[in-house]
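For reference, the chains in residue letters:
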Amino acid sequence: MNQAFDVVELATSYANKSAQDILKLAFSQFGDDLWISFSGAEDVVLVDMAWKLNKNVKVFSLDTGRLHPETYRFIEQVRDFYKIDIELISPDQSKLEPFVKEKGLFSFYKDGHGECCGLRKIEPLRRKLSGVSAWATGQRRDQSPGTRSQVAALEIDTAFSTPERTLYKFNPLSQMTSEEIWGYIRMLELPYNSLHERGFISIGCEPCTRPVLPNQHEREGRWWWEEATQKECGLHAGNIISKA
């Protein structure tokens, strides 16, 4: 990494630059040490842009064990389409099994999704990022006005950095709208999750994802039993708006 890397200054200067420009910056600073996070939804746009800049791009995805069958098929489609490896990160079974034994498979409907996401998403992601210098996500400001409206082009990942190691986080798609994302997918005929054809927009784990109705925001299809300001799984903990 270039030692002159100034996150605050670059976040300001790149605030209105294109997704490709932000990815070029990320690769120029971190090269093959940059990892792309692929969620099995519209992140195919991020993968496509990154792959066109670096054919050796590193991609990972969290396999929570509760994804839709369509999502698993989509991950394989993307793997075949770009001829790339997609590293699947799974939960620690030694921690997950006691949780399921004690609380069952659907406790989140009663006591919130935090504990389940912590085991199925946060712990695996923390494990993955512990050896990573920088990662790029498909976060967009329009995905959730309640929690993502201030997503920066790049930032220090305060959720997963440690006193010994600073983790840098790029959000190249932050300015793009859903309309622009889908225009890109259709124009280039990229693969996409077939659940989108059935009214699913924001896609996560099967029990916590549902289609949205006309004129509903996409985030209303996630954790619909909880208040809007808490609709994050913790992967992007800095987005959470605290309760008053």
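Where an unreviewed UniProt entry is consulted, the chain appears under the name Adenosine 5'-phosphosulfate reductase, with the organism given as Pseudomonas mucidolens. Entered under Pathway (unreviewed entry) in the UniProt record, the comment concerning the chain runs "Sulfur metabolism; hydrogen sulfide biosynthesis; sulfite from sulfate."

Engineer: Can you help me understand the environment of R66 in this one?
Structural biologist: Tracing the backbone shows R66 in the loop between strand 2 (58-62) and helix 4 (69-82). R66 sits in the buried class, given a relative accessible area of 14%. Between the C-alpha atom of R66 and that of E206, which follows or precedes it by 140 residues, the distance is 5.9 Å. Ignoring any residue separated from it by four or fewer positions in sequence, one finds R66 in contact with Y72, L105, F106, F108, R120, C205, E206 and P207. There is a polar contact of 3.0 Å between the side chain of R66 and the backbone oxygen of L105.

Engineer: Explain the packing of aromatic side chains to me, please; I cannot follow it from the model alone.
Structural biologist: Aromatic rings considered in pairs are described by the distance between their centres and by the relative angle of their planes. Here the structure, examined in full by the defined rule, presents 11 aromatic pairs. Aromatic side chains F106 and F108 sit 6.1 Å apart centroid to centroid with 65° between the ring planes, which places their arrangement in the edge-to-face category. Judged by its relative accessible area of 44%, F106 falls in the partly exposed class. Put simply, the rings of F30, Y168 and F170 touch in pairs and so form one group of aromatic residues. Across from the ring centre of W51, 4.3 Å away, lies the NZ or CZ of K55, which sits over that ring. Just above the ring of W223 sits the side chain of R222; from NZ or CZ to the centre is 4.7 Å.

Cut-offs and rules
Residues numbered from 1 in each chain as written. Predicted model: local features only at pLDDT ≥ 70, side-chain atom pairs only at ≥ 80, totals over all residues. Heavy atoms only, no water. UniProt positions renumbered as here; feature names shortened; annotations may be inferred. Helix = DSSP H or I, 4+ residues; strand = E, 2+ residues; numbered from the N terminus. Buried < 20%, exposed > 50% of the residue type's maximum accessible area, 1.4 Å probe, protein only. Contact = heavy atoms within 4.5 Å. Polar contact = N/O pair within 3.5 Å; in protein donor to acceptor, adjacent residues only side chain to side chain. Phe/Tyr/Trp six-rings, centres within 6.5 Å; stacked < 30°, edge-to-face > 60°. Lys NZ or Arg CZ within 6 Å of the ring centre and 35° of its normal.

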